[in-house]
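Architecture and fold: a report
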Number of protein chains: 2
Amino acid sequence: MIFELTVLGNGSATPTYFRHPSAHVLNVHDHLFLIDCGEGTQIQFYRHRVKFHRINHIFITHLHGDHFLGLVGLLSTLHLQGRTVGLNIFGPADLIRIIDIQLELSDTILRYPVQFYPVDPHNSKKLLVTDQVEVTSIPLNHRVPCTGFLFKESSRERNLISSKIKEYKIPYASFDSLKKGDDFHSPDSTIIPNALLTLDPPKQRSYAYCSDTCYDESIIPLIKGVDILYHESTFLDELRERAKETYHSTAKQAGVIASKANVKKLIIGHFSARYKSLDPFLEEARLTFNNVYIAMEGEKYQTD
Amino acid sequence: MIFELTVLGNGSATPTYFRHPSAHVLNVHDHLFLIDCGEGTQIQFYRHRVKFHRINHIFITHLHGDHFLGLVGLLSTLHLQGRTVGLNIFGPADLIRIIDIQLELSDTILRYPVQFYPVDPHNSKKLLVTDQVEVTSIPLNHRVPCTGFLFKESSRERNLISSKIKEYKIPYASFDSLKKGDDFHSPDSTIIPNALLTLDPPKQRSYAYCSDTCYDESIIPLIKGVDILYHESTFLDELRERAKETYHSTAKQAGVIASKANVKKLIIGHFSARYKSLDPFLEEARLTFNNVYIAMEGEKYQTD
């Protein structure tokens, strides 16, 4: 069962030829979740072969252009390509005003329903529960209201032990019930405990997306132990004062957060256009957290 | 003196990996004029080495996303990069609402002044006169109010005939006056006619941008004899009914307009994403107008 992140943009406020603004796609059991949608995200879909028609949920962190300016174009493309399936958008309350005015002025009535869910930027809340995933908001500390998102795979089924299934002659019709954790009641009324017949399900995997934010330890309880943490690192530590002023983080700070939250893997991105090489970001973050990766456009990331 | 068009996008409403939405840059004597600004225009600036900081005038034809969705990101980038020089934007009256709401909600106060000029979509008017160029609006016939733009090089100076300048011992201080067409008054009160000392200036060059529009002959008087006409051709003639329904044109129709308006050169673009090859567009337009070119992204076009 797939649980895979694709990074489509690792740049920050000003795009460069090599770096696009923020957009991540999380694939959970072949359901696609788009997180942020900077300008040019559609082109990145084509370039990196993302089947974007399968996106049913879009999450926008905040209203700085590099995180949402690709959204209205994407809505329009889905409309023109004949989408009829509903689309769910989670983001700052005012986002819907930006969408609505542009659809209205281009005389566009979308062919598919859009359900908009305003996100409270001050309190962590459960936003979505599906068969695949549970999504919780992570209040971030930025210049404008900003929210990260924690994706946790929904609990998975227990694994049948095939040798035991044969030994106890368990009928096929009982498999679903066993996978859910029920004991087996045989026709002669004996009970075979579930623990004899199944193994624990695979661990639920998780991904936390934290962009944009200054260094703020208050997110640690919310991201504790996640399999993959994406934490912005707009600057290197030599510009930590600039980071503080602009409510951004340095690579070193991202590493400290990852370490304190005891996450399994850290991905850093949202690099300022002033940096040509990204190697120093990796070196710096590694000083405080070992298992760190640069968010590379087009790359896919799994849990360890 | 340069008069050169750079095409940055030749696609239509839905971008593809190979085609970006509309954006043209006209360079007149090293002053850059941006015409339409689809999503991703900034990236195209980088890719095709357009010195976009030198753009002081932006013209937006209409409020379909593929013609303006890159604008707010561009304004933001210019702001973040420290621009202080004023920027002039010409476009549909409601465009300023779209700009303002996004700047307001991202808590951005631009560091440079923006002067917005609403364009009347129903009547052709002179919009701008600078030392380099005169810009006139061209009302187009589209599903929403839409305006093309005619750029005409400002009248250029007469050329001094150096042999005559020497022969009549014309002092340097009189050169400017001669270039403007004045006769030369010598200290002994003889008058040397300008025609003896100068040649006619080079012809004023012109460029007309007509996107998006259905086939409509009413534009012909406005674009008569232009050096370069860009006319949209979203479809091939086999889809002329679809073109009519959507207020777009076919390659054949673009050729007919070019021919009837007796223009010097035709460039066609705004191709529907359904077409993989663009050769049929060229072949079709050539049936009705000979000197036609496909708008290729990154290509530069001059007058003949």
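I will try to describe carefully the structure that is included in this document. (Residues numbered from 1 in each chain as written. Chains lettered and ligands numbered in written order. Predicted model: local features only at pLDDT ≥ 70, side-chain atom pairs only at ≥ 80, totals over all residues. Heavy atoms only, no water.)

Let us now look at the overall build of chain A. A count of helices and strands for chain A gives 10 helices and 18 strands. Considering only C-alpha atoms, chain A reaches an extent of 70 × 50 × 35 Å along its principal axes. In chain A, buried positions account for 58% of the 304 residues. Considering only intrachain contacts with a sequence separation of at least 6, the fraction spanning at least 24 residues in chain A is 65%. As displayed, chain A offers around 13,200 Å² of accessible surface, 51% of which is attributable to carbon and sulfur atoms. Side-chain charges in chain A split into 33 positive and 35 negative, and the spacing between the mean points of these groups amounts to 3 Å. (Helix = DSSP H or I, 4+ residues; strand = E, 2+ residues; numbered from the N terminus. Buried < 20%, exposed > 50% of the residue type's maximum accessible area, 1.4 Å probe, protein only. Contact = heavy atoms within 4.5 Å. Areas by Shrake-Rupley, 256 points an atom, 1.4 Å probe, with all protein chains shown as cover. Lys, Arg positive; Asp, Glu negative; His and termini not counted. Charge placed at Lys NZ, Arg CZ, Asp CG, Glu CD.)

A few words now on the environment of A:Glu284. Residues and elements named next belong to chain A. As for its position among the elements, Glu284 is in helix H10 (residues 279–286). Separated by 29 residues in the primary sequence, Glu284 and Gly255 have C-alpha atoms spaced 8.2 Å apart. Once you skip the residues sitting within four places of it in the chain, Glu284 turns out to touch Leu236, Asp237, Thr250, Ala251 and Lys252.

Moving on, we come to unusual backbone geometry. Of note, the amide linkage connecting A:Ser211 to A:Asp212 takes the cis form, showing an omega dihedral of 0 degrees. The topology assignment puts A:Asp212 in the loop between strand E14 (206–210) and helix H7 (220–223). The phi dihedral of B:Asp36 is positive, around 65 degrees, even though this residue is not glycine. Here B:Asp36 lies in the loop between strand E3 (31–35) and helix H1 (41–47). One non-glycine residue with positive phi stands out, namely B:Asp107, at about 60 degrees. By secondary structure assignment, the location of B:Asp107 is in the loop between helix H3 (95–105) and strand E6 (114–118). Relative accessible area serves as the criterion here: at 45%, B:Asp107 is assigned to the partly exposed category.

A few words now on the packing of aromatic side chains. Residues and elements named next belong to chain A. Inspection of the entire model under this criterion finds 24 aromatic pairs over all chains. With 5.3 Å between their ring centres and 80 degrees between their planes, Phe59 and Phe151 make a pair best called edge-to-face. Placement of Phe59 in strand E4 (residues 55–59) and of Phe151 in strand E9 (residues 147–153) is noted, with a sequence separation of 92 residues between them. Summarising the burial analysis for this pair, Phe59 and Phe151 share the class buried. These aromatic residues form a ring-pair network of at least three members: Phe33, Phe59, Phe90, Tyr117, Phe149, Phe151 and Tyr207. (Phe/Tyr/Trp six-rings, centres within 6.5 Å; stacked < 30°, edge-to-face > 60°.)

Turning to the relation of the copies chain B and chain A, a few remarks are in order. Laying chain B over chain A is done by rotating through 180 degrees and shifting 0.0 Å along the axis; what remains is an RMSD of 0.1 Å. This pairing of chains is accounted for by a two-fold axis. The rotation axis passes nearest to the C-alpha of B:Gly40 in chain B, at a distance of 2.7 Å. Here 100% of the interface residues in chain B have copies in chain A that are interface residues too; the copies meet face to matching face. (Least-squares fit on C-alpha atoms with pLDDT ≥ 70 in both.)

Let's shift gears to H3(B). For H3(B), every residue scored as buried is listed here: B:Leu95, B:Ile98, B:Ile99, B:Ile101, B:Gln102, B:Leu103 and B:Leu105. Buried residues along H3(B) sit in contact with helix H3 (95–105) of chain A together with helix H2 (71–80), strand E5 (87–91) and E6 of chain B. With its phi angle positive at about 60 degrees, B:Asp107 sits one or two positions after the end of H3(B).

Take the environment of A:Phe116 next. Residue and element names in this part refer to chain A. With respect to the helices and strands, the residue Phe116 is situated in strand E6 (residues 114–118). For Phe116 and Ala285, which are 169 residues apart along the polypeptide, the C-alpha to C-alpha distance reads 36 Å. The contact partners of Phe116, leaving out residues within four places of it in the chain, are Ile89, Gly91, Pro92, Ala93, Leu95 and Ile96.

A few words on the packing of helix H9 (residues 251–260) of chain A against H10(A). Any two packed helices are characterised by how steeply their axes cross, that is the angle between the axes, and by the distance between the axes. All names here are of chain A. Two numbers describe how H9 lies on H10: the axes approach to 7 Å, and their chain directions differ by 40 degrees. Comparing the axis directions of H9 and H10 gives the class oblique. The way H9 lies across H10 gives a crossing that is right-handed. Contacts between H9 and H10 involve Ala251, Lys252 and Gly255 on the former and, on the latter, Phe281, Glu284 and Ala285. Here the residues of the contact of H9 with H10 are counted per class, giving three nonpolar, one polar and two charged. (Axes fitted to C-alpha atoms, helices over the stretch in contact; angles between N-to-C directions. Parallel < 35°, antiparallel > 145°, perpendicular 65-115°, else oblique. Left-handed = near helix turned anticlockwise from the far one by under 90°. Nonpolar A, V, L, I, M, F, W, Y, C, P; charged D, E, K, R; others polar.)

On to the environment of B:Ile109. All names here are of chain B. Examined against the element boundaries, Ile109 turns out to sit in the loop between H3 and E6. Here Ile109 falls in the exposed class, since its relative accessible area comes to 74%. Placed 136 residues apart in sequence, Ile109 and Glu245 show a C-alpha to C-alpha distance of 41 Å.

Before going further, it helps to spend a moment on the interface of chain B and chain A. Each partner contributes to the interface: chain B provides 36 residues, whereas chain A provides 36 residues. In total, chain B and chain A occlude about 3,100 Å² of area from one another, counting both sides; carbon and sulfur atoms represent 61% of this. Contact with chain A buries area across many residues of chain B, yet B:Tyr17, B:Glu39 and B:Leu105 alone supply 19% of it, more than any other trio. Summed over the shared surface of chain B and chain A, the number is two salt bridges. With its nearest N and O atoms 3.7 Å apart, the salt bridge here joins B:Asp107 to A:Arg143. Run the count over chain B and chain A and you get eight residue pairs in polar contact (both at pLDDT 80 or more). Contributions of two or more residues to the side of chain B that touches chain A are made by H1, H2 and H3 of chain B. No other element matches the six residues that H3(B) contributes to the side of chain B that touches chain A. Considered class by class, the residues forming the side of chain B that touches chain A number 14 nonpolar, 14 polar and eight charged. (Buried area = accessible area lost by both parts, 1.4 Å probe. Salt bridge = Lys/Arg side-chain N within 4 Å of Asp/Glu carboxyl O. Polar contact = N/O pair within 3.5 Å; in protein donor to acceptor, adjacent residues only side chain to side chain.)

Once that is clear, we can look at the pairing of E3(B). Residue and element names in this part refer to chain B. When you tally the buried positions in E3, you get four out of five residues, the bulk of the element. Bridge count for strand E2 (residues 23–28) against E3 is five bridges, and the pairing is antiparallel. Each residue of the ladder has a partner; that of Leu26, found in E3, is Phe33. The pairing of E3 with strand E4 (residues 55–59) spans four bridges and is parallel. (Pairing = 2+ DSSP bridges.)

On to the packing of H2(B) against H3(B). Residues and elements named next belong to chain B. Contact pair H2 / H3: the axes reach a minimum separation of 10 Å and the direction vectors enclose 50 degrees. When the interaxial angle is binned, H2 and H3 end up oblique. H2 and H3 meet at a crossing whose hand is right-handed. For the pair H2 and H3, the contacting residues are Leu71, Val72 and Leu75 in the first and Leu95, Ile98, Ile99 and Gln102 in the second. Here the contact of H2 with H3 is built from residues that sort into six nonpolar, one polar and no charged.

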